[in-house]
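The primary structure of each chain is shown beneath.
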Amino acid sequence: MTHIEDRMEQFIKGLQYHYIREHKIIDTEFEYQVDFFLPEFNVVIECDGEIYHRNKHPDNVKDKNLLKIGIEVIRFHGRTILKHPNDVVRELKKIKKAI
């Protein structure tokens, strides 16, 4: 767990969304571990830190593969999570409105 994931968890809990942290999604063609899975909305929340996400290609492939099985991926950069929490919460609220 990272501090940005801990912060994101506070936001998700505050909205009273049911979630699974560090969830493994397995399909016949792939297996991914995601930061947060919101099963009610079929949405994955990923917290992108500086070090682990310099190369966007693997993330793009992951996002496309998950979308193929009906799971939307929403990504937040670590700096946004820490410095603009109101923006993050506003985006998270849109998930519920979209259903």
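Residues numbered from 1 in each chain as written. Predicted model: local features only at pLDDT ≥ 70, side-chain atom pairs only at ≥ 80, totals over all residues. Heavy atoms only, no water.

**Q** What am I meant to see in the environment of Gly14 here?
**A** With respect to the helices, strands and loops of the structure, Gly14 is situated in helix α1 (residues 3–14). Classification of Gly14 by relative accessible area gives exposed; the value is 60%. The spacing of Gly14 and Val89 is 75 residues in sequence and 9.1 Å in space, taken between C-alpha atoms. (Helix = DSSP H or I, 4+ residues; strand = E, 2+ residues; numbered from the N terminus. Buried < 20%, exposed > 50% of the residue type's maximum accessible area, 1.4 Å probe, protein only.)

**Q** I tried to follow the sheet that holds strand β4 (residues 72–77) on my own but got confused; where do I start?
**A** Whether parallel or antiparallel, the strands of a sheet pair through hydrogen bonds between backbone atoms. Pairing in this open sheet of 4 strands is mixed, and the strands run β1-β2-β3-β4 from one edge to the other. In the strand order of this sheet, the two ends are held by β1 (20–26) and β4, each with one partner. Averaged over all neighbouring strand pairs, the angle between strand axes comes to 45°, with direction disregarded. For strand β3 (residues 43–48) and β4, the ladder comprises 6 bridges, and the chain directions are parallel. Bridge pairing in β4 links Asp48 to His77. The strands touched by α1 within the sheet are β1, β2 (31–38), β3 and β4, with β3 carrying the most contacts at an inclination of about 145°. Most of the contacts of helix α4 (residues 85–97) go to β4, to which it runs at about 175°, and overall it touches β2, β3 and β4. (Pairing = 2+ DSSP bridges. Axes fitted to C-alpha atoms, helices over the stretch in contact; angles between N-to-C directions. Contact = heavy atoms within 4.5 Å.)

**Q** Just checking my understanding: could you explain α4 for this structure?
**A** For an α-helix the count is 3.6 residues per turn, leaving residues at separations of three or four pointing the same way. The end-to-end C-alpha distance of α4 is 19 Å, a good match for the 18 Å that 13 residues give at a rise of 1.5 Å each. Inspection of α4 places Val88, Leu92 and Ile95 among the buried residues, and these make up the whole buried set. The buried residues of α4 occupy an angular sector of 35° when the element is viewed end-on, so they sit on one face. Set apart from the buried face of α4 by more than 90 degrees, the exposed residues are Asn86 and Lys97. (Expected span 1.5 Å × (residues − 1). Arc of directions from axis to C-beta.)

**Q** Got a minute to help me understand the side chain of Asp35 in this structure?
**A** Within the secondary structure, Asp35 sits in strand β2. With no salt bridge to any partner, buried Asp35 finds its closest opposite charge in Lys62, at an N-O distance of 6.3 Å. In terms of polar contacts, Asp35 uses its side chain to reach the backbone amide nitrogen of Cys47, at 2.7 Å. In this view, Asp35 contacts Glu5, Ile20, Arg21, Glu22, Ile45, Glu46 and Cys47; residues no more than four positions away in its chain are not counted. (Lys, Arg positive; Asp, Glu negative; His and termini not counted. Salt bridge = Lys/Arg side-chain N within 4 Å of Asp/Glu carboxyl O. Polar contact = N/O pair within 3.5 Å; in protein donor to acceptor, adjacent residues only side chain to side chain.)

**Q** What is the right way to read the packing of aromatic side chains from this model?
**A** In this description, a pair of aromatic rings is defined by centroid distance and the angle of the planes. Here the structure, examined in full by the defined rule, presents 3 aromatic pairs. Summarising the aromatic geometry, the rings of Tyr17 and Phe41 are spaced 5.0 Å apart at their centres and angled 65° between planes, so their arrangement reads as edge-to-face. In this pair, Tyr17 sits in the loop between α1 and β1 while Phe41 sits in the loop between β2 and β3, placing the two residues 24 residues apart along the sequence. When its relative accessible area of 7% is taken as the criterion, Tyr17 is described as buried. Summarising the aromatic geometry, the rings of Tyr19 and Phe36 are spaced 5.9 Å apart at their centres and angled 65° between planes, so their arrangement reads as edge-to-face. Here Phe36 lies in strand β2 and Tyr19 lies in the loop between α1 and β1, a separation of 17 residues in the sequence. The same class applies to Tyr19 and to Phe36, which are both buried. (Phe/Tyr/Trp six-rings, centres within 6.5 Å; stacked < 30°, edge-to-face > 60°.)

Spatial relationships are all this shows, so hold off on functional conclusions.
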